[in-house]
Amino acid sequence: MQPKYRRRRQWAGALAIALVVLLVGVTGYVWYEREVAGVRDYEGTGNGTVVMIRVEPGDSVDSLSRQLVDKKVVGSRRALMAEAEKMQPDLQAGYYPLQQEMSAKTALEYLTSDEHRRGVVDIPNGSTLDNVNVVGGESRPGIYTMISKQSCEEKDHCVSVDELKQAAATTPPADLGVPEWAQKQVAARGDDPKRIEGLISPGVHLFDPSSSPKDILKTLLTTSAKEYEDTGLISASKTVNLTPYEMLTAASLVEREAPANDFDKVARVILNRLAIGQKLEFDSTVNYSIDEVEVATTNADRKKETPWNTYAKEGLPATPIASPGLQALHAMEHPAEGDWLYFVTVDKDGRTVFNRDFAAHENAIQESINNGVLDSKR
């Protein structure tokens with residue numbers, strides 16, 4: 001007769017084995033249903049319940065499959081992968097408003113469509129927050145408009161330009177993601193929506209379109225601050241006797257004023273004038289605060305006292321007048337050697353003449369007028 005404890009131990013062992021077999025069986029069944037037999041695929045374009053899917057740089061259909069199945073966008077991973085094998089989709093980073101219960105084919109078509117891509121803005125060098133109306137030319141969309149167009153979860157559900165401006169104007173700078181070296185200057189502009197001008201860097205930005213206006217701006221401002229700082233902005237500003245914010249402001253003038261091959265020369269003109277207390281007198285700073293812009297400005301516009309008009313005020317504008325690109329920043333960090341105080345583009349090929357002597361500069365201005373560069377259309 002076996003001892004009781006041995007029978008109990010054998011019973012416990014048998015029970016444990018039975019549980020393991022059951023667990024393996026259930027796991028195997030679930031795997032079979034999902035991966036072998038589970039090729040369920042919905043039909044059509046979805047049931048109307050919108051699901052926002054984020055695609056990171058480098059994502060593949062395989063890496064997105066669990067998210068798409070768990071959020072009930074597609075019926076099964078196998079159906080999705082089978083369709084991906086046929087389509088060979090090329091995924092681009094961004095946010096995509098899909099719906100629950102879409103066919104795998106439709107889901108992949110949405111995920112590879114620029115029309116359905118959201119939360120991505122590609123900001124050109126020299127962009128401004130507000131739209132720019134060009135005399136005799138096409139208007140340029142502003143950064144607020146670009147963001148708004150990319151914030152739509154659905155066709156009629158977008159963050160408006162006014163909502164973005166409200167967030168920019170009323171959120172404390174630190175809460176908005178403004179870097180420490182710009183917070184004082186931004187706060188000094190009060191509730192002006194333009195107070196964050198220049199602080200959103202050019203280039204491609206990714207943001208969650210379902211976020212609040214404040215959080216969208218915070219995402220862009222935070223990533224932009226890092227991009228600017230990675231250029232050496234803070235350390236380089238000390239070498240030219242400017243603060244980082246002044247450096248960014250000066251770079252925005254270079255971006256708006258200088259022909260492509262003369263960025264470093266224009267940077268030197270700015271520093272030379274600041275060093276002797278001479279007004280900058282840049283037409284780009286006049287244009288910044290008027291409704292319609294062109295290369296030439298009128299006498300009346302140049303006399304207007306604004307926080308940016310460097311004909312009417314000494315020193316740099318109160319804020320940057322655009323988002324400077326890396327070339328403009330590098331030009332301010334490494335200006336050309338020269339004693340120039342004046343420059344003007346004299347022909348439509350972009351040839352720019354630099355002078356120290358004002359009489360020589362006046363001759364260059366007349367050449368520019370004769371060649372139609374400074375011919376006003378207003």
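Everything numeric in this text was worked out from a predicted model, so none of it was measured. (Residues numbered from 1 in each chain as written. Predicted model: local features only at pLDDT ≥ 70, side-chain atom pairs only at ≥ 80, totals over all residues. Heavy atoms only, no water.)

### Brief notes about the overall build of the protein chain
In step 1: Tallying secondary structure elements over the protein chain gives 15 helices and eight strands in all.
In step 2: When the 378 residues of the protein chain are sorted by exposure, 45% land in the buried category.
In step 3: In the protein chain, 66% of the contacts between residues at least 6 apart in sequence involve partners at least 24 apart.
In step 4: Taken as a whole, the protein chain presents about 19700 Å² of accessible surface, with 49% of it coming from carbon and sulfur. (Helix = DSSP H or I, 4+ residues; strand = E, 2+ residues; numbered from the N terminus. Buried < 20%, exposed > 50% of the residue type's maximum accessible area, 1.4 Å probe, protein only. Contact = heavy atoms within 4.5 Å. Areas by Shrake-Rupley, 256 points an atom, 1.4 Å probe, with all protein chains shown as cover.)

### What about the confidence of the model for the protein chain?
In step 1: With 87% of its residues at a pLDDT of 70 or more, the protein chain has an overall mean of 87.
In step 2: The low-confidence segment residues 31–37 (pLDDT under 50) makes nine contacts with residues lying over four places distant or belonging to another chain. (pLDDT = per-residue confidence, 0-100.)

### Structural notes on helix 6 (residues 161–170)
In step 1: The complete set of buried residues in helix 6 reads Leu164, Ala167, Ala168 and Ala169.
In step 2: Looking at the buried residues of helix 6, the elements they touch are helix 5 (143–149) and helix 8 (213–230).

### Observations concerning the UniProt feature "site: Important for catalytic activity" (unreviewed entry) in the protein chain
In step 1: Feature annotation in UniProt places "site: Important for catalytic activity" (unreviewed entry) on Glu257, given in this structure's numbering.
In step 2: Tracing the backbone shows Glu257 in helix 10 (residues 244–257).
In step 3: Those residues in contact with Glu257, other than ones at most four positions away along the chain, are Val266, Phe282, Asp283, Ser284 and Phe343. (UniProt positions renumbered as here; feature names shortened; annotations may be inferred.)

### Some words on empty space enclosed by the protein
In step 1: The tally for this structure, following the rule as stated, stands at one cavity of 30 Å³ or more.
In step 2: Thr285, Val286, Ser289, Ile290, Asp301, Lys304, Thr306 and Asn309 together form the lining of the largest cavity. (1 Å grid on protein atoms, 1.4 Å probe; cavity = no way out; pocket = protein on both sides within 12 Å on 5 of 7 lines; lining within 4 Å. Points joined across faces, edges and corners; volume = space filled by probe spheres on them.)

### Observations regarding the nonpolar core
In step 1: Core analysis: the biggest nonpolar cluster contains 57 residues, and Ile196, Val254, Ile270 and Met332 have the highest contact counts within it.
In step 2: In terms of residue count, the dominant contributor to this core is helix 10 (seven residues).
In step 3: With near-sequence residues (within four places) excluded, Met332 lies in contact with Val240, Leu242, Met247, Ala250, Ala251, Val254, Ala267, Ile270 and Leu271. (Core = buried A, V, L, I, M, F, W, Y, C linked by side-chain atoms within 4.5 Å.)

### Quick look at the packing of helix 11 (residues 263–276) against helix 14 (residues 326–333)
In step 1: Where helix 11 contacts helix 14, the axes come no closer than 8 Å and their chain directions differ by 50°. Classified by the interaxial angle, the pair formed by helix 11 and helix 14 is oblique. Note that helix 11 runs across helix 14; the crossing there is right-handed. Mapping the contact onto sequence places Phe263, Asp264, Ala267, Ile270 and Leu271 in helix 11 and Gln327, Ala328, Ala331 and Met332 in helix 14.
In step 2: Its residues assigned to classes, the contact of helix 11 with helix 14 comprises seven nonpolar, one polar and one charged. (Axes fitted to C-alpha atoms, helices over the stretch in contact; angles between N-to-C directions. Parallel < 35°, antiparallel > 145°, perpendicular 65-115°, else oblique. Left-handed = near helix turned anticlockwise from the far one by under 90°. Nonpolar A, V, L, I, M, F, W, Y, C, P; charged D, E, K, R; others polar.)

### Remarks on the pattern of salt bridges
In step 1: With the rule as written, the count across this model stands at 13 salt bridges.
In step 2: Linking Arg268 and Glu337 is a salt bridge whose minimum nitrogen-to-oxygen distance equals 3.9 Å. One end of the pair, Arg268, is in helix 11; the other, Glu337, is in the loop between helix 14 and strand 7 (342–345), with 69 residues separating them in the sequence.
In step 3: Where salt bridges share partners, they join Asp347, Arg351 and Glu367 into one cluster. (Salt bridge = Lys/Arg side-chain N within 4 Å of Asp/Glu carboxyl O.)

### Considerations on the side chain of Ser224
In step 1: When you line up the elements, Ser224 lands in helix 8.
In step 2: When its relative accessible area of 0% is taken as the criterion, Ser224 is described as buried.
In step 3: There is a polar contact of 2.9 Å between the side chain of Ser224 and the backbone nitrogen of Ser201.
In step 4: Those residues within four positions of Ser224 in sequence are excluded, and the remaining contacts are Leu199, Ile200, Ser201 and His205. (Polar contact = N/O pair within 3.5 Å; in protein donor to acceptor, adjacent residues only side chain to side chain.)

### A look at the side chain of Gln150
In step 1: One can find Gln150 in the loop between helix 5 and helix 6.
In step 2: Classification of Gln150 as buried rests on a relative accessible area of 18%.
In step 3: Those residues in contact with Gln150, other than ones at most four positions away along the chain, are Arg117, Arg118, Gly119, Val120, Val121, Phe207 and Pro209.

### Looking at helix 7 (residues 180–188)
In step 1: For helix 7, the full list of buried residues reads Trp181, Ala182 and Val186. An end-on view of helix 7 places all buried positions within 105° of arc, on one side of the element. Exposed residues pointing more than 90 degrees away from the buried face of helix 7 are listed as Glu180, Lys184 and Ala188. (Arc of directions from axis to C-beta.)

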